[in-house]
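# Coordinates in review
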Amino acid sequence: MIPTSRRGLLAASLAAAAAGTARGAAAQARPTSFTVISHRVHQQVLTEGQAGDVLNAWRERNNASLDWVTLDLNAIHDRIFREARLSSSNVTMAYVLNTRAVPSTFSMFEPLDPYQQRDPIEDFDDFSQGMVSAFSNNGQRYGVPVRHSVNCLHYNEAYLQERGLDRPPQIIDELVDYARRLTFTRADGTQVFGWGIQADNYSDVVAIARACGGDLITEDMRCVADQPGMVRALEIIRQLYQDGLMPRNITAMKQNDMITAVQNGQIAMHNFPFGRTVLFNNPRSSRFPGRFKTTYCMTSREQRERGELIATAEFWCMMIPRNARAKDMAWSLIKEISSKENTIRAAMNGNQPARVSAYADPRLLASVPYAEQEARSLQQSRVPMPAFDRSAEAKDIFVEEMQAAMLGMRTPQAAGANMARRIRPLLPRT
Amino acid sequence: MRRFGLPQLLMLAPAQLLLVAFIAIPSVYVFWLSFTESSYGKEAVFVGLANYAGIWEDDAFWRALRNTLLVINVIVYGELLLSLALAAVFVQGIPFRGLVLAIILMPYAISEVVAVVMWKYMLDPNIGSIARALAALGLPDFAWATNPTHGLVLVCIISIWLHLPFTFIIVYAAMLAVPKELYEAAKIDGANGWQRFRHITVPGILGAVLVALIFRYILSFRLFSEVWLLTAGGPARQTEVLAVYLYKQAFTYANFGMGAATGWIMVVISGLVAAVYVVLLQRKGFRRDA
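Residues numbered from 1 in each chain as written. Chains lettered and ligands numbered in written order. Predicted model: local features only at pLDDT ≥ 70, side-chain atom pairs only at ≥ 80, totals over all residues. Heavy atoms only, no water.

### Details of empty space enclosed by the protein
All names here are of chain A. Our working definition: Only protein atoms enter the 1 Å grid used here, on which a cavity is any set of points holding a 1.4 Å probe that cannot leave and a pocket is any open set flanked by protein within 12 Å on both sides along at least five of seven lines; residues with an atom within 4 Å of a point are listed as lining. Grid points are joined across faces, edges and corners, and a volume is the space filled by probe spheres set on the points. Secondary structure elements follow DSSP: runs of H or I of four or more residues count as helices, runs of E of two or more count as strands, with numbering from the N terminus. The nonpolar class holds Ala, Val, Leu, Ile, Met, Phe, Trp, Tyr, Cys and Pro. Asp, Glu, Lys and Arg form the charged class, and all remaining residues, Gly among them, are polar.
Scanning all chains against the criterion turns up three cavities of 30 Å³ or more. Its boundaries defined by the atoms lining it, the largest cavity holds a volume of some 120 Å³. Lining the largest cavity we find 16 residues, and of these Leu46, Val146, Ile337, Ala346 and Asn351 sit closest to its centre. Counting only elements with at least two residues in the lining of the largest cavity, the list comes to helix H2 (40-47), strand S6 (144-156), helix H15 (327-338) and helix H16 (340-348). The space that makes up the second largest cavity amounts to roughly 60 Å³. If you go around the second largest cavity, you meet 13 residues; those closest to its centre are Asn151, Cys152, Met298, Ile310 and Ala311. Counting residues per element, the ones that place at least two in the lining of the second largest cavity are S6 and strand S11 (311-319). It is S6 that contributes the most residues to the lining of the second largest cavity, three residues altogether. Residue classes in the lining of the second largest cavity are distributed as nine nonpolar, four polar and no charged.

### Side note on the layout of surface pockets
Residue and element names in this part refer to chain B. Each pocket or cavity is described by its volume, and for the second largest pocket that value is around 920 Å³. Lining the second largest pocket are 30 residues; nearest its centre among them are Val30, Leu246, Gly259, Ala260 and Gly263. For the lining of the second largest pocket, the elements supplying multiple residues, two or more each, are helix H1 (6-33), helix H9 (193-221), helix H11 (242-252) and helix H12 (256-289). Of the residues assigned to the lining of the second largest pocket, the class counts are 22 nonpolar, five polar and three charged.

### Examining the confidence of the model for chain A
For clarity, the cut-off: For every residue, the predictor assigns a confidence score, pLDDT, that lies between 0 and 100.
Of all residues in chain A, 93% have pLDDT values of 70 or greater, and the mean over the chain is 89. Considering each helix and strand of chain A separately, the mean pLDDT is smallest for helix H1 (residues 6-29) of chain A, with a value of 58, and largest for helix H20 (residues 412-423) of chain A, with 97.

### Observations concerning the interface of chain A and chain B
For clarity, the threshold we go by: In what follows, residue pairs with any heavy atoms lying within 4.5 Å of each other are defined as contacts. Once two parts are brought into contact, the accessible area they lose, counted with a 1.4 Å probe and summed over both, makes up the buried area. Each salt bridge in this description consists of a side-chain nitrogen of Lys or Arg and a carboxyl oxygen of Asp or Glu lying within 4 Å of one another. Side-chain atoms alone can form a polar contact between residues adjacent in sequence; in general such a contact is a pair of N or O atoms within 3.5 Å, and within protein one must be able to donate a hydrogen while the other accepts it.
Contact residues are listed per partner, giving 28 residues for chain A and 31 residues for chain B. Of all residues in chain A, Arg85, Arg248 and Asn249 of chain A bury the most surface against chain B, accounting for 21% of the area lost on that side. Run the count over chain A and chain B and you get five salt bridges. Among the salt bridges present, the one from Asp389 of chain A reaches Lys42 of chain B, with a minimum N-O distance of 3.9 Å. Seen at the junction of chain A and chain B, the total is 11 residue pairs in polar contact (both at pLDDT 80 or more). Those elements giving two or more residues to the side of chain A that touches chain B turn out to be helix H4 (73-84) and helix H19 (391-406) of chain A. Ranked by the residues each element gives to the side of chain A that touches chain B, the list is headed by H19 of chain A, at six residues.

### Overview of the pairing of strand S3 (residues 91-97) of chain A
Residues and elements named next belong to chain A. For clarity, the cut-off: Only protein chains enter the accessibility calculation, which uses a 1.4 Å probe; a residue whose area is less than 20% of its type maximum is buried, one above 50% is exposed, and one in between is partly exposed. Pairing between strands requires that DSSP locate at least two bridges from one strand to the other.
Among the seven residues in S3, seven count as buried, and that is most of the element. Pairing analysis gives three bridges linking strand S1 (residues 32-38) to S3, with the strands arranged parallel. Bridge pairing in S3 places Ile37 opposite Ala94. Pairing analysis gives four bridges linking S3 to S11, with the strands arranged antiparallel. By the bridge assignment, Ala94 is partnered in S11 with Met319.

### Looking at the environment of Ala85 of chain B
Residue and element names in this part refer to chain B. Considering the arrangement of structural elements, one finds Ala85 in helix H3 (residues 59-92). Taking relative accessible area as the criterion, Ala85 reaches 45% and is therefore assigned partly exposed. Sequence separation between Ala85 and Tyr172 is 87 residues; the distance between their C-alpha atoms is 9.8 Å.

### Some words on the pattern of salt bridges
The final tally for this structure, using the stated rule, is 39 salt bridges over all chains. The salt bridge involving Arg422 of chain A is made with Glu401 of chain A; its shortest N-O contact spans 2.8 Å. In this pair, Arg422 of chain A sits in helix H20 while Glu401 of chain A sits in helix H19, placing the two residues 21 residues apart along the sequence. Glu401 of chain A gets classed as buried once you look at its relative accessible area, which sits at 1%. Where Glu240 of chain B meets Lys248 of chain B, a salt bridge forms, and the shortest distance between an N and an O atom there is 3.4 Å. Here Glu240 of chain B falls in the buried class, since its relative accessible area comes to 1%. Looking at Lys248 of chain B, the relative accessible area reads 8%, which means it is buried.

### Topic: the domain arrangement of chain A
All names here are of chain A. The cut-off we apply is this: The source of the domain bounds is an automatic or database domain assignment.
Here the domain parsing of chain A yields domain 1 (31-149 + 313-382) and domain 2 (150-311 + 385-426). With centres defined by C-alpha atoms, the gap from domain 1 to domain 2 works out at 28 Å. Contacts between the two partners involve 20 residues from domain 1 and, on the opposite side, 23 residues from domain 2. Summing both sides of the interface, domain 1 and domain 2 together bury roughly 1,800 Å²; the carbon and sulfur share of this comes to 50%. Of all residues in domain 1, Tyr370, Gln373 and Arg382 bury the most surface against domain 2, accounting for 34% of the area lost on that side. Linking domain 1 to domain 2 there are two salt bridges. Here Arg382 ties to Asp215 by a salt bridge, and the two come within 2.7 Å at their closest N and O atoms. For the pair domain 1 and domain 2, the interface holds 10 residue pairs in polar contact (both at pLDDT 80 or more). Among the elements of the structure, helix H5 (103-106), S6, S11, helix H18 (371-380) and strand S12 (381-382) are those that each provide at least two residues to the side of domain 1 that touches domain 2. When its residues are assigned to classes, the side of domain 1 that touches domain 2 shows six nonpolar, 10 polar and four charged.

### Thoughts on H9 of chain B
All names here are of chain B. The condition that has to hold: Here, expected helix span is obtained from the residue count minus one, scaled by 1.5 Å. Bend at a given residue is defined as the angle between two axes, one fitted to the seven residues that end at that position and one fitted to the seven that begin there.
Taking 1.5 Å per residue, 29 residues should reach 42 Å; H9 reaches only 35 Å between its end C-alpha atoms and comes up short. The largest bend in H9 comes to about 55 degrees, at Leu206. Between the side-chain oxygen of the N-cap and the backbone nitrogen of Trp194 there are 3.2 Å, and the N-cap of H9 in question is Asn192.

### A look at a nonpolar patch on the surface
Residues and elements named next belong to chain B. For the record, the criterion: Surface patches are drawn from residues lacking salt bridges whose relative accessible area is over 30%; two like charges belong together within 9 Å, two nonpolar side chains (Val, Leu, Ile, Met, Phe, Trp, Tyr) within 5 Å. Only the protein chains shown count as cover for residues, and all accessible areas are computed by the Shrake-Rupley method using a 1.4 Å probe.
A surface patch of nonpolar side chains, about 540 Å² in accessible area, is lined by Phe4, Leu6, Leu9, Leu10 and Leu12. With respect to the secondary-structure elements, Leu10 resides in helix H1. Taking relative accessible area as the criterion, Leu10 reaches 56% and is therefore assigned exposed.

### Structural notes on the packing of helix H5 (residues 112-122) of chain B against helix H7 (residues 148-177) of chain B
Residues and elements named next belong to chain B. To keep things clear, this is the line we draw: Here an axis means a line fitted to C-alpha atoms, over the contact stretch when the element is a helix, while the angle between two N-to-C directions is reported on a 0 to 180 degree scale. Oblique is the label for any angle not covered by the other classes, which are roughly parallel (under 35 degrees), roughly antiparallel (over 145) and roughly perpendicular (65 to 115). Helix crossings get a hand from a simple test, with the near helix turned counterclockwise from the far one by less than a right angle marking a left-handed crossing and a clockwise turn marking a right-handed one.
H7 packs onto H5 with a crossing angle of 135 degrees between their chain directions and a minimal axis gap of 11 Å. Put simply, H5 runs oblique to H7. Crossing of H5 over H7 shows right-handed handedness. When H5 is examined against H7, the residues Glu112, Ala115, Val116, Met118 and Trp119 are found in contact with a partner set consisting of Leu154, Ile157, Ile158, Trp161, Leu162 and His163. Taken together, the residues that form the contact of H5 with H7 break down as nine nonpolar, one polar and one charged.

### Section: the packing of aromatic side chains
Residue and element names in this part refer to chain A. Test applied: For Phe, Tyr and Trp, where Trp contributes only its six-membered ring, two rings pair if their centres lie within 6.5 Å, and the inter-plane angle classes them as stacked under 30 degrees, edge-to-face over 60, or tilted in between. Over a ring means this: the NZ of a Lys or the CZ of an Arg is within 6 Å of the ring centre and within 35 degrees of the ring normal.
Applying the stated criterion across every chain yields a total of 33 aromatic pairs over all chains. Measuring from ring centre to ring centre gives 5.7 Å for Tyr115 and Trp331, while their planes differ by 35 degrees; the resulting arrangement is tilted. With a gap of 216 residues between them, Tyr115 in helix H6 (residues 113-118) and Trp331 in helix H15 connect regions that are remote in the sequence. Residue classification places Tyr115 among the buried residues on the basis of a relative accessible area of 7%. Overall, the relative accessible area of 3% leaves Trp331 in the buried class. Ring-pair connections join several aromatic residues into one group, and the members of that group are Tyr159, Phe184, Phe272, Phe280, Phe288 and Phe292. When the ring centre of Tyr115 is taken as origin, the NZ or CZ atom of Arg118, which lies over that ring, is 5.0 Å away. For the cation-ring pair, Arg141 lies above Phe124, with the distance from its terminal atom to the ring centre recorded as 4.5 Å.

Put into structure tokens, the structure is as follows:
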């Protein structure tokens, strides 16, 4: 047994109290950590690049550190939706893509209007209102737009010159002819394909359909895949593939495969978000640094004459899980990221800003060569498909039928009719 | 006679509790989930057999089931035949036995993801080394990305290459265990090579072969990464297998009820297949040794 005395007990108590105070002081000095779930690119544009660490001031002001959990597209949403179903969560804030902003998921997130009334984000009307409304339900806002990806045509200027073309295609009717002329074998043996699409996604073909006067699902939730516009788009895709103007393994190529193929000079033209031009022109990873340019050709002659262009865009919003423990801190972080100044800084780091005014900022115009084109595209862009609860199934049906038409397993008419027949029952009843 | 009392029960309890906590309870939960309509942000609603009925009417499910059964039979029996052939050569004795053995076992040490990506690049029709070599030899295109049959053939090749070591090791060990005296006696009696294999080797290794078959059937039924990383079930969902179908239902469409129902259907089918081999094993393998 350990002998105890009054003096010993007093000394032990004092020592314990001193240790407790020291631990408390250390805890106060140590920043509090907050978890954010996002894609790696969201973290990158806030912490790395020519504008530096955008969130440094916020971290110091709040004695906080951010624990970024960065995942791939499906995994981000799976993780955050699972977290949001728990009774409480360590996740402070999450980035959610517009395709996942469906009515059933809003109930898992915090309505943001009370926060905006109490501690407003400056000039909220400056955000693209289409994006804000996509993240609204029953008159409540649930997300603050933070990043978009508007698509454009990226083309390899060196190949155009090699093939005697003095300008990129300007309308959809020129696309097949350009792809044909840009499909060739170079002197070094490289097989070049004129055009590439993301054949495991829908946005490129939907853009072609819109340029042909059609669509997949209209804004009032009607599936019009069996109409002439989409059938024409499927015919174009089929022709591009059957004539060997696209890589033969296109259906198995993922986005990263596509980027590598463009960088290596295997694909001459490709539809991608504007921001990808940085990757295509990167001297460390591209065989043609500085030779990739952007344009838009997803438009018909008539649309072009009217000054219209077809651009598809997806976008991300920041949301607060309803079960988050640190909701006020989450709002403070969202407010910081959304400020006008930080929007510009993140854009200089490579973000595509959701604030319309950002594109008038001289710093952005000076540092991002495609800023004006992107601003114009953003004004006229639409999501490739409106969000609804079963949109993921609709996307898969579209891809299945589109690939079947492209590879010759079905006629474009039959594929379009199948899309319409199978997608219509999935749409919400209006 | 050995007694089975409380001490033995207590010693087994931790393992049993783990099985209950991590296998039995989740399985029961998933079984219940298969009778509900459930997704993110929605309370699960009991829908009876609607998910099973939905699967029954889904063409994609039947195509995935057909692909799965086709592919796993090719994989399991392909592995078995190759293992038998290799093991038969090995027991005869070959030069550099250790080195050759290491080469055969090597794929088992490679991550499935790395292996599939490696094969994918080697067979890329535009830049792949194997694809270019085949083209240089004047052979027709191996269009695994756009031709579903070619795609499934490549899945089989990769899977056999990856998992051959498992079956081979079991079969080889079993062959080594067959008493040499039996072969010597058969030789003296005038049995030829095939007769020795048919009447000595096969009965001697049958138990081990059945064990290998049971394990490989059950594991192959979960075939996922080879298909997902290579074709993702495409083109046009023609190379989809059951595990990919389940993944899409549960994690792409967030339809947990359908995902759970698919999971249970997979358990029942693979259980039935395994049961056939367990019965065979019982009759021809273990019972004889009891």
